[in-house]
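Survey of secondary and tertiary structure
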Amino acid sequence: MKKDFIYNEIADNIACKIKTGVLQAGERLASVRMLSREHGISINTAKRVFLELEAQSLVQSRPQSGYFVSPLHYLKLPLPQASQPLPTANITEPNELIDSVYSNMGNKELTLLSIGVPSGNLLPLAKLKKEVVLATRALKEGGTEYEPLQGNVKLRRMIAARSLAWEGHLKESDVVTTAGCMNALTLCLMALTKPGDTVAMESPCYPGILQLALSLRLKVLEIATDPVKGVDIDALKALLPQINVCLLVPNFNTPLGYCMPDEQKKEVVSLLEKHDIPLIEDDTYGDLHFGAERPKCCKSFDTNGNVLYCGSVSKTLAPGYRVGWVAPGKYKEQIMRLKMIHALSSTSVINEAVGNFLMTGRYENHLRHLRKTLQENYQRYALAIAEFFPSGTKISRPQGGLALWVEFPEGIDTATLYNYAMKKQISIAPGRMFTLQEQFHNCMRLCIGLPWTADLRLALKQVGHLAKWVMAKA
């Protein structure tokens, strides 16, 4: 364990210096022997450090010369523009396009760049199966009985314990379990709104949340959003008189992947509390940070229970288990009443199994590997995009999560691109899905949660060539 820690620490330190420009492209790095002496590690461990950096495309070896910093071409790709939605609430959506894309879910014949979940190849499937068996044996009546309305005690305790990492200081009594994060968001919106009310969200926004709001007959007000910092505070302030509730994904929002700065989170919480507007926070992606530390949440700055904090393991551990939760603050009574009406009990065996998995420390070990893979995938996708996509293509720079947002030059309609890509057995998520307004037609979201293979690189190459063809036809 100690050797692994040293190896990761050294590799991460060098990677950070490369990404921040301390070490420049073409600069020669210390030799294997020098690295070994400098850090007091074996030659094999030093070699492993360089192999790790090579896998991330951060360094390249030159025969008889040593290791050199690779040119990070993807960092030269420009960022997408900040969104500028109209300041009016909307209630329409591109149903046909959304239905077509999500009908591909689970289709093993396709390269699913469109569905934002980690591949099963990146998940600890064998360990999860074992936990389910153990949970069945441990629970009274094999887990066939209803569990308490508020949810599995062990799971709630572990969620509360993990909140210390982002200064949430939750107690198990603060947490209510749900059937995934979407169920948590549903309960929150049902508790806080009535038909005709207006909910404010980032733009672009996850299609499932947009559909949820419309299914509850709510109006959606899209807020201008920066691809690096998130919601434009001034735009939010201007829209406050129209808003009944705000729903944000401040940590690694899909599709942009940004992490809202702490001072901005604090300002949003204070602003909404001052105007008595509840904030629903979706933190599904918070554990998938690429940086060294788990980011804080809006809930970290909540002192009066105005933030309803929602999360799940659907994007980190087991999408199909549908394990989620909400810490609803001062709205707990309303949430509990709605859960009793609409669900009564969560799935006992699955919640016990996930609670055990979190308690043993296996979850954190799994997250370390998953975060590393996702970050490497982002870099590889970006390199492929720089090589194969049309000149003028822009991409987001996700700081975590599962999504990469691509903005093509004007003239490429990604709904058209989607149709052509499907003929090549490749599914993408066109940008129009992520809004209720007429915008993002030249954008798309790609999932970076697939194992990197030669076939995946070829699929990205094919999408790039199709995009050039579509642009030439326009």
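Read on for an overview of the structure.

The rules behind these values
- Residues numbered from 1 in each chain as written.
- Predicted model: local features only at pLDDT ≥ 70, side-chain atom pairs only at ≥ 80, totals over all residues.
- Heavy atoms only, no water.
- Helix = DSSP H or I, 4+ residues; strand = E, 2+ residues; numbered from the N terminus.
- Polar contact = N/O pair within 3.5 Å; in protein donor to acceptor, adjacent residues only side chain to side chain.
- Contact = heavy atoms within 4.5 Å.
- Phe/Tyr/Trp six-rings, centres within 6.5 Å; stacked < 30°, edge-to-face > 60°.
- Buried < 20%, exposed > 50% of the residue type's maximum accessible area, 1.4 Å probe, protein only.
- Lys NZ or Arg CZ within 6 Å of the ring centre and 35° of its normal.
- Pairing = 2+ DSSP bridges.
- Axes fitted to C-alpha atoms, helices over the stretch in contact; angles between N-to-C directions.
- Left-handed = near helix turned anticlockwise from the far one by under 90°.
- Nonpolar A, V, L, I, M, F, W, Y, C, P; charged D, E, K, R; others polar.
- Arc of directions from axis to C-beta.
- Patch = residues over 30% accessible without salt bridge, like charges linked within 9 Å, V, L, I, M, F, W, Y side chains within 5 Å.
- Areas by Shrake-Rupley, 256 points an atom, 1.4 Å probe, with all protein chains shown as cover.
- Salt bridge = Lys/Arg side-chain N within 4 Å of Asp/Glu carboxyl O.
- Right-handed = clockwise from strand over helix to strand, strands pointing away.

Quick look at the side chain of K315 now. Note on placement: K315 falls in the loop between β11 (307-312) and β12 (324-327). A distance of 3.1 Å separates the side chain of K315 from the backbone oxygen of G116, its partner in a polar contact. Residues contacting K315, with those up to four places away along its chain left out, are G116, V117, P118, T284, Y285, L288, L370 and L402.

The subject of this paragraph is the packing of aromatic side chains. Enumeration over the complete set of coordinates arrives at seven aromatic pairs. Measuring from ring centre to ring centre gives 4.6 Å for W166 and Y309, while their planes differ by 35 degrees; the resulting arrangement is tilted. Of this pair, W166 sits in the loop between α6 (153-162) and β4 (176-178) while Y309 sits in strand β11; the two residues are 143 residues apart in sequence, bridging distant segments of the chain. Residue W166 shares its accessibility class with Y309, and that shared class is buried. Residues Y381 and W452 carry aromatic rings whose centres are separated by 5.8 Å and whose planes lie at 45 degrees to one another, so their mutual orientation is tilted. With a gap of 71 residues between them, Y381 in helix α13 (residues 362-388) and W452 in the loop between β17 (443-447) and α15 (454-473) connect regions that are remote in the sequence. What links up through ring pairs into an aromatic cluster is the set W405, F434 and F440. Here R62 stacks its cationic end above the ring of F68, 3.9 Å away from the centre of that ring.

Relative to strand β2 (residues 66-69), strand β1 (residues 59-62) is paired through four bridges, and the arrangement is antiparallel. For S61, the partnering residue across the bridge sits in β2 and is Y67. The turn joining β1 and β2, which pair antiparallel and follow one another in sequence, is formed by three residues; a positive phi near 65 degrees is taken by Q64.

In this section: the packing of α6 against helix α12 (residues 348-359). Interaxial distance between α6 and α12 falls to 8 Å at its minimum, and their mutual angle equals 35 degrees. Relative to α12, the crossing made by α6 is left-handed. Contacts between α6 and α12 pair K154, L155, M158 and R162 from the former with N351, E352, V354, G355, N356, L358 and M359 from the latter. Classifying every residue of the contact of α6 with α12 by side-chain character gives five nonpolar, three polar and three charged.

Within a beta sheet, neighbouring strands are joined by backbone hydrogen bonds and run either parallel or antiparallel to one another. Spatial ordering of the open sheet is given by β13-β14-β17-β16, a layout of four strands whose pairing is antiparallel. Two strands bound the open sheet, and with one partner strand each, they are β13 (394-395) and β16 (429-430). The sheet contact formed by strand β14 (residues 403-407) and β17 spans five bridges and is antiparallel. Looking at the pairing, A403 lines up with C447 of β17.

So, on to unusual backbone geometry. Across the junction of S203 and P204, the peptide omega takes the value 5 degrees, indicating a cis bond. Along the chain, P204 falls in the loop between β5 (198-202) and α8 (207-215). Look at the link from T254 to P255: it is a cis peptide, with omega at 20 degrees. Within the secondary structure layout, P255 lies in the loop between β9 (245-248) and α10 (262-274). We note that E167 has phi near 60 degrees; this positive angle belongs to a residue other than glycine. Residue classification places E167 among the partly exposed positions, given a relative accessible area of 39%. Phi angles above zero are rare outside glycine, and F440 is one such case at about 65 degrees.

A word on the environment of K339. Note that K339 resides in helix α11 (residues 332-342). Considered as a pair, K339 and L149 are 190 residues apart in the sequence and their alpha carbons are 7.6 Å apart. Excluding its chain neighbours within four sequence positions, the residues that come into contact with K339 are L149, Q150, G151, V176, T177, L187, L344 and S346. A distance of 3.2 Å separates a polar atom in the side chain of K339 from a polar atom in the side chain of S346.

Here we come to α11. Because each turn of an α-helix spans 3.6 residues, side chains separated by three or four positions in sequence point in the same direction. The set of residues buried in α11 consists of I335, M336, L338 and K339. Along the long axis of α11, the arc covered by the buried residues comes to 165 degrees, so they all point the same way. For α11, the exposed residues lying more than 90 degrees away from the buried face are E333 and I341. Looking at the buried side of α11, the elements it contacts are β4, α7 (180-192), β11 and β12. Backbone geometry just downstream of α11 places L344 in the positive-phi region, at approximately 70 degrees.

Moving on to a nonpolar patch on the surface. The grouping of Y146, M340, I341 and L344 at the surface amounts to a nonpolar patch, some 470 Å² of accessible area in total. In this fold, Y146 is placed in the loop between α5 (125-138) and α6.

A few words on the pairing of strand β6 (residues 219-223). For β6, a buried count of four out of five residues is recorded, marking the element as mostly surrounded by other parts of the structure. Pairing analysis gives five bridges linking β5 to β6, with the strands arranged parallel. Across the sheet, residue A200 finds its bridge partner in β6, namely L221. Remark: the β5/α8/β6 crossover connection has right-handed handedness.

Right, let's get into the sheet that holds β4. With mixed pairing, the seven strands of this open sheet are ordered in space as β4-β12-β11-β10-β9-β5-β6. Each edge of the sheet is formed by a strand with only one pairing partner; in this case those strands are β4 and β6. Put simply, the sheet's adjacent strands are angled 25 degrees from each other on average, direction ignored.

Turning next to the side chain of S312. With respect to the helices and strands, the residue S312 is situated in strand β11. By relative accessible area, which is 5% here, S312 ends up buried. For S312, the residues in contact, after removing those within four places along its chain, are G180, C181, T284, V323, G324 and W325.

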